[in-house]
Amino acid sequence: KDKIVYLYFEGANQVTEVHVNGKFAGKHIGGYSAFNIDLTPHLDASGEQYIAVKVDNSFHEDIAPLSADFTFFGGIYRPVHLITTGDKHFSMSDHGGPGVYISTPKVTETSADVNIDYHLKNDTGKPSKLRLTTLIRDKEAEVLTEKSTLLALPAFSDTVVTIALNNIRNFELWSPNTPNVYYVENSLMESGVLLDHITQPMGFRWFSFDASNGFFINGENVKLMGANRHQDRVPYGNALSNDMHRQDMQLLKEMGANFLRNAHYPQAEEILRSADEMGFVVWEETPLVNEITISEAHTENAMLMVKEMIKQHYNHPSIFIWAYMNEIYWAHRFKPEEELPARNAYTLELTQQLENLVREMDPYRYTAIAMHNYPLYDESGIGSIPMIAGWNLYHGWYYDEYQDFGVFMEEQHAKYPERIHIISEYGAGSDTRLYSEKPEKFDFTVEEQINFTRSLMT
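Residues numbered from 1 in each chain as written. Predicted model: local features only at pLDDT ≥ 70, side-chain atom pairs only at ≥ 80, totals over all residues. Heavy atoms only, no water.

A. Main features of the packing of aromatic side chains. One pass over the full model with this rule turns up 26 aromatic pairs. Arranged with centres 5.4 Å apart and planes meeting at 55°, the rings of Phe-70 and Tyr-265 form a pair that is tilted. Of this pair, Phe-70 sits in the loop between strand E6 (51–56) and strand E7 (75–76) while Tyr-265 sits in the loop between strand E21 (259–262) and helix H2 (269–278), and the two are 195 residues apart along the sequence. Judged on exposure class, the residue Phe-70 and its partner Tyr-265 are both buried. (Phe/Tyr/Trp six-rings, centres within 6.5 Å; stacked < 30°, edge-to-face > 60°. Helix = DSSP H or I, 4+ residues; strand = E, 2+ residues; numbered from the N terminus. Buried < 20%, exposed > 50% of the residue type's maximum accessible area, 1.4 Å probe, protein only.)

This is the structure we're talking about:
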């Protein structure tokens, strides 16, 4: 009684329908983002409740990814939570986000300004006077700063409130070498009674990418080295435990990595929590892979996936890059020639729409897309839309020779000297069961993979 009840899915692939006591409660499209379903209107106070969840991962031309080189596993593969709130609370209706969004518009070695946007819900028919308390602490619970604000929420409202905390001092900066995570504790009270409480991570850092000199964080030039990561493992498919996620991150850290590309979709919350704490610079992206569909529904779904990704993961200090497509021209060579002009124009238009959306939602981070070795990226001008041009290159593996990798990148830098380039993929496949004393290209031996990697490091 007097509670609102949500079912919170961290991920289910790819179209999810929820029924409560035989009544339709909600639907979500997309397999790699979290979402909430409000169960409250359909609950029966007289007895047991029955929840039915239907998840469909069959192909749909309006839902990305349409094709890719990874398996589109189905079902509920991430945790599900039952969450109850009162009728005044931090919003659960903002694209799966926490209702609390932390920005650091100004950070120096000694001081910082923090802005926090709150989405607050009043589901009652009466205006309410509430007290919002914001507290920033470190992991040992030492308080950096605290602020209390009186608010008036209209009846039946979803209100956005911005709180500024300026000139914060005595903090430690976040970087890959010193991943100092702080926590923002947020409390909503009425007449001294706690209504809602939520804690979100944050980090103090400033950063930039330079076309000639690379990545800088807190004024230091840092070389980014790492890997792409998929959320799957034999024999579990993509239904991994938090321990498995942390194991993957620990392996990356042990090999010397400080960079992670979540390919090709938003991944589990535990991955980002680990990235915050271990010190990874993260590139996160939506699952727009290989091709698009020319339809309004596809565009709407692509936009929705960007909104969900950013809203849900906005507060993680490890995220530096929002990306929204991968090798989007890959399938062009298989399409009828007469389709290509319209397809190319639509792809370019969609890219600009997604770029504009990301920049509007988060003006503090960089945008990117990943491209492959295909002339249309240059011809169409698509590589000039995002802030960072990612390159997925396999010289010496699928095509050409080892040395052509460097030649390609030097040509790109000379052609677009102001463009920021990142190697978003490279590599040679291998199988630990295969060995050769005379390895050769595409034989999948470990020795050839070693030769390939060494050739790019020299």
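B. Region of interest: the sheet that holds strand E12 (residues 128–137). If you trace the four strands from one edge of the open sheet to the other, you get E13-E12-E15-E16, paired in antiparallel fashion. Two strands bound the open sheet, and with one partner strand each, they are strand E13 (143–153) and strand E16 (193–202). The mean inter-strand angle of the sheet, taken between neighbouring strand axes irrespective of direction, is 15°. Where strand E15 (residues 182–190) lies against E16, nine bridges are found, and the strand directions are antiparallel. Within E16, the residue paired with Tyr-183 across the bridge is Pro-201. (Pairing = 2+ DSSP bridges. Axes fitted to C-alpha atoms, helices over the stretch in contact; angles between N-to-C directions.)

C. Spatial organisation of the pattern of salt bridges. Applying the stated criterion to the full structure yields 17 salt bridges. With a shortest N-O distance of 3.0 Å, Arg-229 and Asp-248 are connected by a salt bridge. Here the residue Arg-229 occupies a position in strand E20 (residues 226–229), and Asp-248 occupies one in helix H1 (residues 242–254), the gap between them amounting to 19 residues. Residue Arg-229 shares its accessibility class with Asp-248, and that shared class is buried. Among the charged side chains, a salt-bridge network with shared partners connects Asp-243, Arg-246, Glu-270 and Arg-273. (Salt bridge = Lys/Arg side-chain N within 4 Å of Asp/Glu carboxyl O.)

D. Spotlight on the nonpolar core. By size, the foremost hydrophobic cluster in this structure holds 46 residues, and its most contacted members are Phe-280, Leu-288, Leu-354 and Ile-382. Per-element accounting of this core gives the leading share, six residues, to helix H3 (residues 296–313). Not counting residues within four places of it along the chain, the set of residues in contact with Ile-382 comprises Met-325, Ile-328, Tyr-329, Thr-347, Leu-348, Thr-351, Ile-369, Met-371 and Tyr-377. Residues Val-114, Ile-163, Tyr-182 and Val-184 belong to the second largest nonpolar core, which totals 26 residues. (Core = buried A, V, L, I, M, F, W, Y, C linked by side-chain atoms within 4.5 Å. Contact = heavy atoms within 4.5 Å.)

E. Layout of the environment of Ile-116. Of note, Ile-116 is situated in strand E11 (residues 112–122). C-alpha of Ile-116 to C-alpha of Val-161: the two residues are 45 residues apart in sequence and 8.2 Å apart in space.

F. Fine view of the sheet that holds strand E5 (residues 35–38). Pairing within the open sheet is antiparallel, and its three strands lie in the order E5-E1-E8. The outermost strands of the open sheet, each flanked by one partner alone, are E5 and strand E8 (80–85). If you compare each strand with its neighbour and ignore which way they point, the axes differ by 30° on average.

G. Examining the pairing of strand E26 (residues 420–425) more closely. Buried residues dominate E26, accounting for five of its six residues. Pairing of strand E25 (residues 388–392) with E26 involves five bridges; the strand directions are parallel. When the bridges of E26 are listed, Gly-390 appears paired with Ile-422. Regarding the hand of the β-α-β motif, the stretch spanning E25, helix H6 (residues 404–415) and E26 is right-handed. (Right-handed = clockwise from strand over helix to strand, strands pointing away.)

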